[in-house]
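# Geometric and topological summary
The primary structure of each chain is shown beneath.
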Amino acid sequence: MTTHDTYIKRCIDIAKNGLGSTAPNPMVGAVIVYNDQIIGEGYTSAYGGHHAEVNAINAVKDKALLKEATLYVTLEPCSHFGKTPPCSDLIIKYQIPNVVIGCVDDNPQVAGKGIAQLKAAGCKVKVGVLEHECKAHHKRFFTFHNKKRPYIILKWAETIDGFIAPESKDNKKPVWITNKLSRQLVHKWRAEEQAILVGTNTVLEDNPSLTVRDWKGKNPIRIVIDRELKLSKDLAVFNNKAETLVISDAVIDFNKPIAQEICSYLHAQDINSVIIEGGAKTLQTFIDENFWDEARIFTGNSNFKNGIKAPQCSGKLISEEKIIEDTLKIYVNN
C-alpha cells in the first residue's frame, strides 16, 4: 500500500462517522498531511452542516502550514453553492498546493468541475487513488445520481424451512424468527439509512413502529405503501417518532411497474437509500423488477412447517456470519 493509499484509506475510515446523518449528501472523509504527519482531518457533518474538507481545514491549528500541505479526500471537492459554499474555493483560498482525490463526483453539478477549478488555480491534483474502494464507500450517492433511484437494501428473516411469517397469529404483534442480537443489528442498520419501507399488509399484521429503539441513532423516514389509504392513523407508523410518507394512488401509478414507480418517487424526494423490510409480496416485487442492490437475509433457528413463503432472490454472496444461533447472509445484485 502506497503512502497515498494509506491516507485515502484513513479518509474512508473517518467518513463512516457520517453514516446515517449526511444524506442526501455523500459521507466524505478528508485528511490534511504536512511532512508525513496528519495535521487535520474531518468528515461530512449532518445534512446542512460543513463538508469534510471544511472540517479538516478548520481542524488545522497553524493555517500557515496549509500552503505546504496535501489534502486527501474520498470524493471530488464540490465547486457549487448548495447548503454550504464550494469546498474548492476554500482549498484555493488557503493555497493548499496538493490535492489527492479518491474518485470523481458524478453529480452533474460537480462532475469534474471541482478538479478543473483546482488545477486552474495551480493545485497539483491526483485522481483515482483507491478509486474502487471510494466508489464502494459512496455507493448510495452514486446509485442516486447514476441510476436515479435510492440504494436499495432488502432485509428479511426466514425460518430454516423457508417461511417469513406463520400462516396465522392471534394479535398484531410480530412473531420473532431471530434473536435479540440480530434484531439489535437491524436497528443499527435503520440508523444508517435514510428511509425504511413496508407494504400495507405488514403494517396491518404487525403494527410496527419502524424506528430505532435498540440502537442510538436517527430514525429513518418511514415509507408505507397504502394504495387505497385504508390504514388507520392510530397505527404506530403514524406516531410522531419519525416522518412518514404514504405511497397511494395519488402518489404513483399502480398500473405501471410498482418498484420502478416507487423508486422514481423516492428519488424525487431526495431519498438516497432505503431498507425494504416487508412483507414478502413487497420484497418480491422489488426482486422481480430487479430494483435492489443488497439483500440481508437472516435465517433463524426455527421451523413454521407452513405459512408465508420467504422471497426468492439470487445474487452474489459476499458475507456469511453466525449471530448466536442465527445465520446472516448478505448478497449483492450482479
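Residues numbered from 1 in each chain as written. Predicted model: local features only at pLDDT ≥ 70, side-chain atom pairs only at ≥ 80, totals over all residues. Heavy atoms only, no water.

An unreviewed UniProt entry lists the chain under the name Riboflavin biosynthesis protein RibD, from Psychroserpens algicola. In its Function (unreviewed entry) section, the UniProt record describing the chain reads: "Converts 2,5-diamino-6-(ribosylamino)-4(3h)-pyrimidinone 5'-phosphate into 5-amino-6-(ribosylamino)-2,4(1h,3h)-pyrimidinedione 5'-phosphate." (UniProt positions renumbered as here; feature names shortened; annotations may be inferred.)

We now examine the overall build of the chain. The number of helices and strands found in the chain is 10 helices and 15 strands. In terms of principal-axis extent, the alpha carbons of the chain reach across some 70 × 45 × 35 Å. Across the 334 residues of the chain, 51% fall into the buried class. Of all intrachain contacts in the chain linking residues separated by at least 6 positions in sequence, the fraction that spans at least 24 positions is 71%. Accessible surface, the chain as shown: approximately 16,100 Å² in total, 48% of it carbon and sulfur. (Helix = DSSP H or I, 4+ residues; strand = E, 2+ residues; numbered from the N terminus. Buried < 20%, exposed > 50% of the residue type's maximum accessible area, 1.4 Å probe, protein only. Contact = heavy atoms within 4.5 Å. Areas by Shrake-Rupley, 256 points an atom, 1.4 Å probe, with all protein chains shown as cover.)

Our next topic: the pattern of salt bridges. Per the counting criterion, the structure on display carries 11 salt bridges. Between Glu 131 and Lys 135 there is a salt bridge, with its nearest N and O atoms 3.8 Å apart. One end of the pair, Glu 131, and the other, Lys 135, are both in helix α5 (residues 131-137), four residues apart, so they sit about a helical turn from each other. A relative accessible area of 34% means that Glu 131 is categorised as partly exposed. Residue Glu 277 is joined to Arg 190 by a salt bridge in which the shortest nitrogen-to-oxygen separation is 3.0 Å. Residue Glu 277 is found in strand β11 (residues 273-278), and its partner Arg 190 is found in helix α7 (residues 180-192); the two are separated by 87 residues along the sequence. The buried category is assigned to Glu 277, whose relative accessible area is 14%. Its relative accessible area of 8% is what places Arg 190 among the buried residues. Through salt bridges with shared partners, a single ionic network connects Lys 139, Glu 294 and Arg 296. (Salt bridge = Lys/Arg side-chain N within 4 Å of Asp/Glu carboxyl O.)

With omega at 5°, the peptide bond leading from Ala 23 into Pro 24 counts as cis. Of note, Pro 24 is situated in the loop between α1 (3-15) and β1 (29-34). At the junction of Gly 278 and Gly 279, the peptide bond is cis and its omega measures out at -5° in the coordinates. Tracing the sequence through the fold places Gly 279 in the loop between β11 and α10 (280-288). We note that Asn 207 has phi near 45°; this positive angle belongs to a residue other than glycine. One can find Asn 207 in the loop between α8 (200-206) and β9 (221-225). The phi angle at Asn 290 is positive, at roughly 60°, despite the residue not being glycine. As for its placement among the helices and strands, Asn 290 is situated in the loop between α10 and β12 (294-299).

On the secondary structure map, Cys 313 appears in the loop between β13 (308-309) and β14 (316-323). Cys 313 sits in the partly exposed class, given a relative accessible area of 23%.

Turning our eyes to something else, we now look at the environment of Glu 193. Of note, Glu 193 is situated in the loop between α7 and β8 (195-198). When the C-alpha positions of Glu 193 and Ile 115 are compared, they lie 29 Å apart, and in sequence the two are 78 residues distant. Here Glu 193 is in contact with Arg 140, Ile 153, Pro 220, Ser 273, Ile 275 and Arg 296, once residues within four sequence places are set aside. A polar contact of 2.7 Å, which involves the side chain of Glu 193, links it to the side chain of Arg 140. (Polar contact = N/O pair within 3.5 Å; in protein donor to acceptor, adjacent residues only side chain to side chain.)

As a further point, take the sheet that holds β11. Taken in spatial order, the eight strands of this open sheet run β10-β9-β8-β11-β6-β12-β15-β14, and their pairing is mixed. In this open sheet, the two strands that pair with only one neighbour each are β10 (244-247) and β14. Ignoring which end each strand starts from, the neighbouring axes of this sheet average 20° apart. Bridge count between strand β6 (residues 151-158) and β11: four bridges; the pairing is parallel. Among the inter-strand pairings, Tyr 151 is bridged to a residue of β11, identified as Ser 273. (Pairing = 2+ DSSP bridges. Axes fitted to C-alpha atoms, helices over the stretch in contact; angles between N-to-C directions.)

A word on the pairing of strand β2 (residues 37-43). Looking at chain direction, β1 and β2 are connected through six bridges and run antiparallel. Residue pairing in the sheet places Ile 32 in a bridge with Gly 40 of β2. Between β1 and β2, which pair antiparallel one after the other, the connecting turn spans two residues, and Asn 35 there sits at a positive phi close to 50°.

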